[in-house]
Amino acid sequence: MLSLKSKPTIGQLQWMVWVFVFLVVTLSLVAMDGFFQGAVYALLNTAFYAAIVYGNILWLFPRLYLNGMVVWYVLAVILFLSVIGAARAFVTLYAYNLLFAKHPEPMSMKAIASMVVGGIMIFLLSFIFRIALAYFTLKQQSEEIIAQKTQAELNLLKSQVQPHFLFNTLNNIYYEAYLEAPRTASLIERLSDIMRYFVDESPKQEVSLATEIQFLENYIALENIRIRYGVDITFNKNCDTTKSLPPMLLITFVENIFKHGIDKSSSHNKIEIDLVQQNGRLVFTTTNTTPGKPLNSPSTGFGIENLRKRLVLLYGNDFELQVQNKGDIYVANLNIPLA
């Protein structure tokens, strides 16, 4: 992530505000009371100002007013300002009598009332303080989001360097292999196409049916070379390949066939794949024979379950996903709206 350390945090900005308030109040009192006495009074006043501001914006306002308890909020504010004003008057008088007075002075109701009235102004200013905090918090979050987006774009650019280097290398190998082993060259080309699909197409919201079909055919061709006796594969396509769909919706069924539905020791493996467009919908069906003996790594069902969760996010309830195990035949069916 791009560093934002050069900019002050929200907490640092608040400390800067209160230090500024302290300095302003100190300078306003120095001429009358002297530096030390003015600084003491400024420190006490700034502390009570902060108590009023944070007491309102962090406790009273969010707990009472924002929860619809307006009457209770008004009553609580009156009580709060009265208590803070009285406390401020007593503490200020105590500091004066302790540090500066030649003869102690008594507390008066006039002094308390003055402090309460002064607290009302600070209370009103607390709303401006709250708005400023919300603004700077939102601004900081926006800058962090922009920084994260920029870093993500840089990471994406860097992540594309190695794949494209590999694509170029595979192309070079393809041309070398084409002269000696055309079948090997064809497989290299399919691998290159699959990798390019992962990098360039899969991040998109939608891809064309033609692109998705090509991806499936490449995947099937590469998987088929691992099977000793090969597989009898039929891929029927009856759809408008210019239509679009989210990428990698169809691969789960095909992947499951090669992971869990192929007996590598048998010469009778059979797969039938049907991709049909009907009434504005796409119906994708795979049918395959199942191994005579259980595989060492049986299916956990995570692939189908993850696909179902993705379909819910994409289409809500407007889809059908069914899998059926009919003894020695396994059938999977997907029905989705077609854009």
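Residues numbered from 1 in each chain as written. Predicted model: local features only at pLDDT ≥ 70, side-chain atom pairs only at ≥ 80, totals over all residues. Heavy atoms only, no water.

Describing the overall build of the protein
- Secondary structure assignment for the protein yields eight helices and seven strands.
- The buried share among the 339 residues of the protein stands at 35%.
- For the protein, the share of sequence-separated contacts (at least 6 apart) that also reach a separation of at least 24 residues comes to 71%.
- With the model as given, the accessible surface of the protein reaches about 21,100 Å², and the carbon-plus-sulfur share is 63%. (Helix = DSSP H or I, 4+ residues; strand = E, 2+ residues; numbered from the N terminus. Buried < 20%, exposed > 50% of the residue type's maximum accessible area, 1.4 Å probe, protein only. Contact = heavy atoms within 4.5 Å. Areas by Shrake-Rupley, 256 points an atom, 1.4 Å probe, with all protein chains shown as cover.)

Description of the packing of helix α5 (residues 182-201) against helix α6 (residues 209-224)
- Between α5 and α6, whose axes approach to 9 Å, the crossing angle comes to 135 degrees. Taken together, the axis directions place α5 and α6 in an arrangement best described as oblique. Seen from above, α5 lies across α6 with left-handed handedness. Only Thr211, Glu212, Gln214, Phe215, Glu217, Asn218, Tyr219, Ala221 and Leu222 of α6 make contact with α5, whose side of the interface consists of Leu187, Arg190, Leu191, Asp193, Ile194, Tyr197, Phe198 and Glu201.
- Of the residues belonging to the contact of α5 with α6, the class tally is nine nonpolar, three polar and five charged. (Axes fitted to C-alpha atoms, helices over the stretch in contact; angles between N-to-C directions. Parallel < 35°, antiparallel > 145°, perpendicular 65-115°, else oblique. Left-handed = near helix turned anticlockwise from the far one by under 90°. Nonpolar A, V, L, I, M, F, W, Y, C, P; charged D, E, K, R; others polar.)

Some details on the sheet that holds strand β7 (residues 329-337)
- The sheet built from five strands is open, its strands ordered β2-β4-β5-β7-β6 with mixed pairing. Since the sheet does not close on itself, it has two edges, and those belong to β2 (232-238) and β6 (320-326), each with one partner. Between one strand axis and the next, the sheet turns by 10 degrees as a mean value, whatever way the strands run.
- As paired strands, strand β5 (residues 281-289) and β7 are joined by nine bridges and run antiparallel to one another. Following the sheet pairing, Thr289 is matched in β7 by Ile329. (Pairing = 2+ DSSP bridges.)

Some remarks on the nonpolar core
- Core analysis: the biggest nonpolar cluster contains 39 residues, and Val254, Leu275, Phe284, Leu311 and Ile336 have the highest contact counts within it.
- Of all elements in the fold, only α5, α6, α7 (251-260), β4 (270-278), β5, α8 (302-315) and β7 reach the threshold of two or more residues within this core.
- At seven residues, α6 tops the list of elements feeding residues into this core.
- Val25, Phe80, Ile122 and Phe129 belong to the second-largest nonpolar core, a separate cluster that totals 25 residues. (Core = buried A, V, L, I, M, F, W, Y, C linked by side-chain atoms within 4.5 Å.)

With respect to a nonpolar patch on the surface
- A grouping of Tyr65, Leu66, Met69, Val70, Val71, Trp72, Val74, Leu75 and Ile78 is seen on the molecular surface, where their side chains present a nonpolar patch of about 880 Å² in accessible area.
- By the secondary structure assignment, Val70 is in helix α3 (residues 70-99). (Patch = residues over 30% accessible without salt bridge, like charges linked within 9 Å, V, L, I, M, F, W, Y side chains within 5 Å. Salt bridge = Lys/Arg side-chain N within 4 Å of Asp/Glu carboxyl O.)

Re the packing of helix α2 (residues 35-63) against α3
- Following both chains from N to C, one finds α2 and α3 inclined at 165 degrees, their axes separated by 11 Å at the closest point. The angle between α2 and α3 places the two elements in the roughly antiparallel class. The two elements α2 and α3 meet at a crossing, and its hand is right-handed.
- Residues of the contact of α2 with α3, tallied by class, amount to 20 nonpolar, five polar and one charged.

Points about the pattern of salt bridges
- Following the criterion strictly, the structure yields five salt bridges and no others.
- For Lys204, the salt bridge goes to Glu201, with nearest N and O atoms at 3.1 Å.
- A relative accessible area of 42% places Lys204 in the partly exposed class.

Looking at unusual backbone geometry
- Positive phi, normally seen in glycine, also occurs at Met248, with a value near 60 degrees.
- At Asn279, a residue that is not glycine, the phi angle is positive and equals roughly 50 degrees.
- When you line up the elements, Asn279 lands in the loop between β4 and β5.
- On the accessibility criterion, Asn279 (81% relative accessible area) is exposed.

Re the side chain of Asn218
- Of note, Asn218 is situated in helix α6.
- Classification of Asn218 as buried rests on a relative accessible area of 2%.
- In terms of polar contacts, Asn218 uses its side chain to reach the side chain of Arg190, at 2.8 Å.
- In contact with Asn218, other than residues within four places in its own chain, are Arg190, Asp193 and Ile194. (Polar contact = N/O pair within 3.5 Å; in protein donor to acceptor, adjacent residues only side chain to side chain.)

Quick look at the packing of aromatic side chains
- Under the definition given, this model contains 16 aromatic pairs.
- Taken together, a centroid distance of 6.0 Å and an interplanar angle of 55 degrees make the contact between Trp18 and Tyr54 tilted. Here Trp18 is found in helix α1 (residues 10-33), whereas its partner Tyr54 is found in helix α2, with 36 residues between them in sequence.
- On the basis of relative accessibility, which here comes to 12%, the residue Trp18 falls in the buried class.
- Residue class for Tyr54 comes out partly exposed when judged on its relative accessible area of 22%.
- Taken together, a centroid distance of 6.0 Å and an interplanar angle of 75 degrees make the contact between Phe61 and Tyr73 edge-to-face. Separated by twelve residues along the polypeptide, Phe61 in helix α2 and Tyr73 in helix α3 bring together distant segments of the chain.
- Assessed through its relative accessible area of 10%, Phe61 is described here as buried.
- A relative accessible area of 7% places Tyr73 in the buried class.
- Within the aromatic cluster, the residues linked to one another by ring pairs are Phe61, Tyr65, Tyr73, Phe123 and Phe127. (Phe/Tyr/Trp six-rings, centres within 6.5 Å; stacked < 30°, edge-to-face > 60°.)

Function cannot be read off these values alone, since they describe shape.
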